[in-house]
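# Descriptive structure summary
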Amino acid sequence: MSEVLTKISEAVIDGNFEEMVDLTEDALDEGLTAQQILDGGLMAGMDYVGVEFKAGNMFVPEVLRSARAMQAAMDILKPLLVAAGAKRAGRVLLGTVKGDLHDIGKNLVGMMCEGAGFEIKDLGKDIGPEQFVEAIKEYQPDILGMSALLTTTMRSMGHTIKALEEAGLRDKVKVMIGGAPVTQSFADQINADGYAATRPRLPSWLRSWLHRPEAFTHERRPLYMRTNYVANAGVRFNLFSQDQLEELFNGVLHLLQYTGLDVKHEEARARSWPRPARVDGERVRLPSYMVKEALRKAPRSFTLWARDGNPKHNINIGPGRGHFGPGPTCTHFVDPETLERREYTKADVPMVARLVDALPNIDFCESLGTVGDVHYDLGALYEFAGMFPNTSKPIVAWSYDKFDSAGIHEIAVAEAGGQRAFEQRPNYVHYCEPLSPLVSTFEAIDKLIFAATHRVPLVFTPCPIAGGTAPITGAGIITMGAAESWMGLTLAQTLQPGLPFFMGGVFSAMDMNTMILAYGAPELPLYMAGLTELAHYAGLPLWQTGGCTDSKVFDGQAMIEGGSSVFFSALTSGDMCHDVGYTESAMTGSLFQLCAMDEAIGYARRIVRGIEVNDDTLAVSVIKEIGPNNHYLRHAHTRKYYKSEYFYPKLLDRQDFENWEASGSMTMKDRTIARVRDLLATHKASPIKPETQKVIEKVLAEAEDRVKDKK
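Presented here is a report on the structure given in the accompanying data block. In this text the structure is predicted, and so the values were computed from the model without any measurement. (Residues numbered from 1 in each chain as written. Predicted model: local features only at pLDDT ≥ 70, side-chain atom pairs only at ≥ 80, totals over all residues. Heavy atoms only, no water.)

## Re the overall build of the protein
Within the protein, the secondary structure is distributed over 27 helices and 26 strands. In terms of overall dimensions, the protein has C-alpha extents of about 90 × 80 × 55 Å along its principal axes. Per-residue burial over the protein gives 56% buried out of 711 residues. A sequence separation of at least 24 residues applies to 74% of the contacts in the protein between residues at least 6 apart. Surface summary for the protein: the accessible area is close to 30,600 Å², and the carbon and sulfur share equals 53%. Each charge class in the protein can be summarised by its mean position, and for the 73 positive and 90 negative side chains these summaries are 5 Å apart. (Helix = DSSP H or I, 4+ residues; strand = E, 2+ residues; numbered from the N terminus. Buried < 20%, exposed > 50% of the residue type's maximum accessible area, 1.4 Å probe, protein only. Contact = heavy atoms within 4.5 Å. Areas by Shrake-Rupley, 256 points an atom, 1.4 Å probe, with all protein chains shown as cover. Lys, Arg positive; Asp, Glu negative; His and termini not counted. Charge placed at Lys NZ, Arg CZ, Asp CG, Glu CD.)

Below, the structure is given as structure tokens:
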């Protein structure tokens, strides 16, 4: 480091603002650039201040002097940085909340962030929620920072966040709060994104915060900072760097703009897309800005509602939350009594739904099969009609065509209390599947149009096979599959802006020996992890795949493959992970696999929840109280936490050998079979309305009449 940079750094540390102007001009005269002075002198000094403040060796007045010295230099450097085209680290909007006139801490944050390369807009003090909302609309910041010194004014932070939600801006900005009375608990309570307890290390924290892949979607996770200490709320897995995600994102946009997809729906090609889309025969190409606009319109967070109003069965889609459920369309089923593999029938549908309703870690329902003992055009409709009365959890419904879709929707709307009530509290999701490679079939688009028209949350999920119907490389299959899904996204948001939309995919490898789509291959959870990160980077929830196996029976292979994919899904916060309970490479549905994966999901969720660190959980005073050579079993601290700290299994055995032997020497398979049979015999879902049952009967009768002349 040059001598003048060392002096500048020391001036920052000493708070010597009187000499800072001369030192900065000396550095410029020596030929140093503004960026070099900022990084090598000013920020080096502030980094040291942060360390000393954390250690208790510097105090707020000294930090204020250091910030003032830094600001003296920034007044000279700022025009030079702008002229040199220095890249901003981000845009921060600051303000002290309504009723509070204290702004020292807020001003300090602004000076330090500006010095670190952030563009700052300071609204001042006594700023109400409406003023924050209007400023966000005008300045479009990456981060909103609110400060309060008084306990009587800190409530205004919550009012501001609520105002942002009502204005549709909450997912457009990260919200950081701070001030003497503010705590992490309060930040969690009002749904703030971050809590900054101290300031000197704040700029580097904000920079890392914005540069996380999730920052593209403004995900709200309970991340907070104490000086140079970051506490992570749970365990997460990241596959891609920010640069890699940007490459994938741009690759998808390039495919949609220059390669395009074949869209087999003439009406959609002719009427649904606005003029900027290029339509050449069946080929549709979408300009990048059009796709980005669709991504902006699609919500990241929304709720799928239990049909009976049970809040425990609601699914709150949003950052950091993963949900699990079975899949549809298996042609065969493992009989829960005989354990034989047989054709799936309509009598199996209520069994699947009741088990889903009973299992604590299964969040939504699909049928685990394709009904084989009704007319082939009516299988999907009979599945929904069989599931709906037997679980109150949200259902993901598929259909063969828009006639099925109409019947399904009529049932759901009847229970909800009308179309308007359904729109406010949707109780099912519509599943559509385009064809790989790069084809949006007539049926998929027709069902998408139905869902968008009737405001039904939508899954648009391709099933590319690496090495078969998609590139053999992971990056290639993710890029192509995302393009297939985003074609549907763009159409859906054009028809119905703001429609809840799941980017989706069943992405795995084609086994080069058997030529099957391998549901148990490690590539499946790997591709799903990558696709999840891309979806979240783009601001979309993801329809994932996991809990499935290529094994033909309920055995160790099924446990390893299913459990591994479930764990990866939990680690990546896949929003809706389906196909739990698939065996035989999606050919056979198994209630036993579903039940065992319920246990695996609970196991994974406990790990992902992580370890909470606070004064109470550290238990320093408890350890002191108990002392050496004693135990904690009777202590109030143990009684307080023993239910929440541990995962308590339903199937996994922890007995000693003698007790296990005395209780029947039951294996994992034995216990799973017994639990499935017990739940099927004892569990009953909440009933549907009598009028809904009449609608089900009417819809099925009309459907049978529609196909009676078909073979």
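## So, the packing of aromatic side chains
Taken as a whole, this structure holds 15 aromatic pairs when the rule is applied. Measuring from ring centre to ring centre gives 5.3 Å for phenylalanine 333 and tyrosine 344, while their planes differ by 90 degrees; the resulting arrangement is edge-to-face. With phenylalanine 333 in strand β14 (residues 332–334) and tyrosine 344 in the loop between β15 (341–343) and α13 (348–358), the pair connects residues that are eleven residues apart, well separated along the chain. Across this residue pair, the class does not change: phenylalanine 333 and tyrosine 344 are buried. Here tyrosine 603 and phenylalanine 647 contribute two aromatic rings whose centre-to-centre distance is 5.9 Å and whose plane-to-plane angle is 70 degrees, an arrangement assigned as edge-to-face. (Phe/Tyr/Trp six-rings, centres within 6.5 Å; stacked < 30°, edge-to-face > 60°.)

## As for unusual backbone geometry
Cis geometry is adopted by the peptide bond preceding proline 437, which originates at serine 436 and carries an omega value of 0 degrees. Within the secondary structure, proline 437 is located in the loop between β17 (428–432) and β18 (439–440). Backbone geometry at asparagine 191 places phi at a positive 70 degrees, although glycine is not the residue there. By secondary structure assignment, the location of asparagine 191 is in the loop between α8 (184–190) and β5 (194–195). When its relative accessible area of 30% is taken as the criterion, asparagine 191 is described as partly exposed. One non-glycine residue, arginine 455, lies in positive phi territory at about 55 degrees. Within the element layout of this structure, arginine 455 appears in the loop between α17 (442–453) and β19 (458–460).

## Side note on a negative patch on the surface
On the surface, a cluster of negative charge is made up of Glu18, Glu19, Asp22, Glu25, Asp26, Asp29 and Glu30. Counting through the fold element by element, glutamate 30 comes out in the loop between α2 (17–29) and α3 (34–54). We classify glutamate 30 as exposed; its relative accessible area is 54%. (Patch = residues over 30% accessible without salt bridge, like charges linked within 9 Å, V, L, I, M, F, W, Y side chains within 5 Å. Salt bridge = Lys/Arg side-chain N within 4 Å of Asp/Glu carboxyl O.)

## Focus on the side chain of serine 66
Its location among the elements puts serine 66 in helix α4 (residues 60–83). The class of serine 66 is buried, set by a relative accessible area of 0%. What serine 66 contacts, discounting residues up to four positions off in sequence, is Val12, Ile13, Gly15, Met46, Val49 and Met58.

## A closer look at the pairing of β17
Sheet faces and side chains relate simply in a regular strand, where the side chains alternate between the two faces. In terms of burial, β17 is largely enclosed, as five of its five residues are buried. A two-sided burial pattern is seen for β17, the buried positions comprising Tyr428, His430 and Cys432 on one face and Val429 and Tyr431 on the other. Bridging between β17 and β19 involves three bridges; their strand directions are parallel. Residue histidine 430 lies in a different strand from β19, and its bridge partner there is leucine 458. (Pairing = 2+ DSSP bridges.)

## Regarding the pattern of salt bridges
Evaluated as defined, the whole model comprises 20 salt bridges. Between arginine 605 and aspartate 363 there is a salt bridge, and its shortest N-O distance comes to 2.7 Å. Highlighted residues: arginine 605 in helix α21 (residues 591–609) and aspartate 363 in the loop between α13 and α14 (379–387), separated in sequence by 242 residues. Taken together, the shared-partner salt bridges in this structure form one network comprising Asp335, Arg342 and Asp348.

## Focus on helix α7 (residues 155–166)
Along its twelve residues, α7 runs 17 Å from first to last C-alpha, staying within 8% of the 16 Å computed at 1.5 Å per residue. Those residues of α7 that sit buried are Ser156, Met157, Gly158, Thr160, Ile161, Ala163 and Leu164. Trailing α7 by a residue or two, glycine 168 shows a phi angle of about 75 degrees, which is positive. (Expected span 1.5 Å × (residues − 1).)

Scope: geometric values only; no functional claims are made or implied.
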